[in-house]
Amino acid sequence: MTEYSTPLCRTGEGSCREQWPLMLLGAPLFGAAAVYFVLDSLPSVLLLIASLPLILPCVYFSIGCFLELQQLLGKARITAEGVTVTRPLARPQVIRWADVRQVCICLYNRRMGEIHGHGHPQLVFVLPGAKKNLFDRWKTHDPFQHRRLIAIDCDEALHEAVRTLCPLDITDLRNTPPYR
């Protein structure tokens with residue numbers, strides 16, 4: 001096998017990421033709200049400053065929805081040279097194996113505090129600058145980390161393909177204390 005292509009997020013049973021219609025509505029909705037609050041408060045600098053608690057969360061959620069939508073609709077191509085990730089409205093991200101800090105399998109949990117076995121496995125390519133959360137798990141759920149943590153919903157076919165193409169060891173973190 002010389003290459004393997006897969007969507008970043010799978011659909012159907014075992015996937016917690018079927019919220020793309022919500023993200024498709026959320027990005028423009030929060031963006032429009034931010035523009036409205038800015039335009040509404042333009043006549044006065046004091047009013048603009050007072051509107052910042054409304055504007056900043058709208059901008060943050062709009063960008064977050066857009067980035068999550070890119071992740072949900074993205075695809076990965078894995079070769080012997082590295083990984084190429086393509087996302088809508090973005091340039092392809094080409095990652096050489098030498099740039100990858102770690103390749104691991106961990107669990108994606110939709111909600112905080114889910115018990116072991118209720119998340120679904122993800123194959124994660126950890127790049128420099130990636131961060132862990134307070135519970136020592138990789139932040140695969142954070143849309144602002146998607147360019148540093150390439151997380152792909154994992155199944156046996158993907159695991160086998162990556163094992164043959166990737167020169168790095170694949171660490172299984174699912175049974176480690178942070179993921180239990």
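Refer to the structure presented above.
Remember, predicted model here, so these are calculated numbers, not experimental data. (Residues numbered from 1 in each chain as written. Predicted model: local features only at pLDDT ≥ 70, side-chain atom pairs only at ≥ 80, totals over all residues. Heavy atoms only, no water.)

A.B. asks: Outline the pairing of strand E4 (residues 93-96), supporting the account with residue identities and numerical values.
C.D. replies: On E4, burial follows the alternation: Gln93 and Ile95 on one face are buried, whereas Val94 and Arg96 on the facing-out side are not. Relative to E4, strand E3 (residues 82-86) runs antiparallel, the two sharing 4 bridges. When the bridges of E4 are listed, Val85 appears paired with Gln93. What sits between the antiparallel neighbours E3 and E4 is a turn of 6 residues, in which Leu89 has the positive phi angle 60 degrees. (Buried < 20%, exposed > 50% of the residue type's maximum accessible area, 1.4 Å probe, protein only. Helix = DSSP H or I, 4+ residues; strand = E, 2+ residues; numbered from the N terminus. Pairing = 2+ DSSP bridges.)

A.B. asks: Any chance you could break down the sheet that holds strand E7 (residues 149-153) for me, citing the residues and the numbers?
C.D. replies: The sheet built from 4 strands is open, its strands ordered E7-E6-E5-E8 with mixed pairing. The sheet terminates laterally at E7 and strand E8 (170-172), the two strands that pair on one side only. Neighbour to neighbour, the strand axes of the sheet diverge by 30 degrees on average, direction disregarded. Examined bridge by bridge, strand E5 (residues 102-108) and E8 share 3 bridges and lie parallel to one another. Along E8, the bridge assignment pairs Cys104 with Thr171. (Axes fitted to C-alpha atoms, helices over the stretch in contact; angles between N-to-C directions.)

A.B. asks: So what about the side chain of Arg87? Which residues, and what values?
C.D. replies: Following the sequence through the fold, Arg87 ends up in the loop between E3 and E4. One buried charged residue, Arg87, forms no salt bridge at all, with the nearest opposite charge on Glu68 at 9.2 Å. Within the structure, the side chain of Arg87 is placed 3.0 Å from the side chain of Gln93, a separation counted as a polar contact. A polar contact is formed between the side chain of Arg87 and the backbone oxygen of His146, at a distance of 2.9 Å. (Lys, Arg positive; Asp, Glu negative; His and termini not counted. Salt bridge = Lys/Arg side-chain N within 4 Å of Asp/Glu carboxyl O. Polar contact = N/O pair within 3.5 Å; in protein donor to acceptor, adjacent residues only side chain to side chain.)

Limitation: the analysis is restricted to geometry and does not speak to function.
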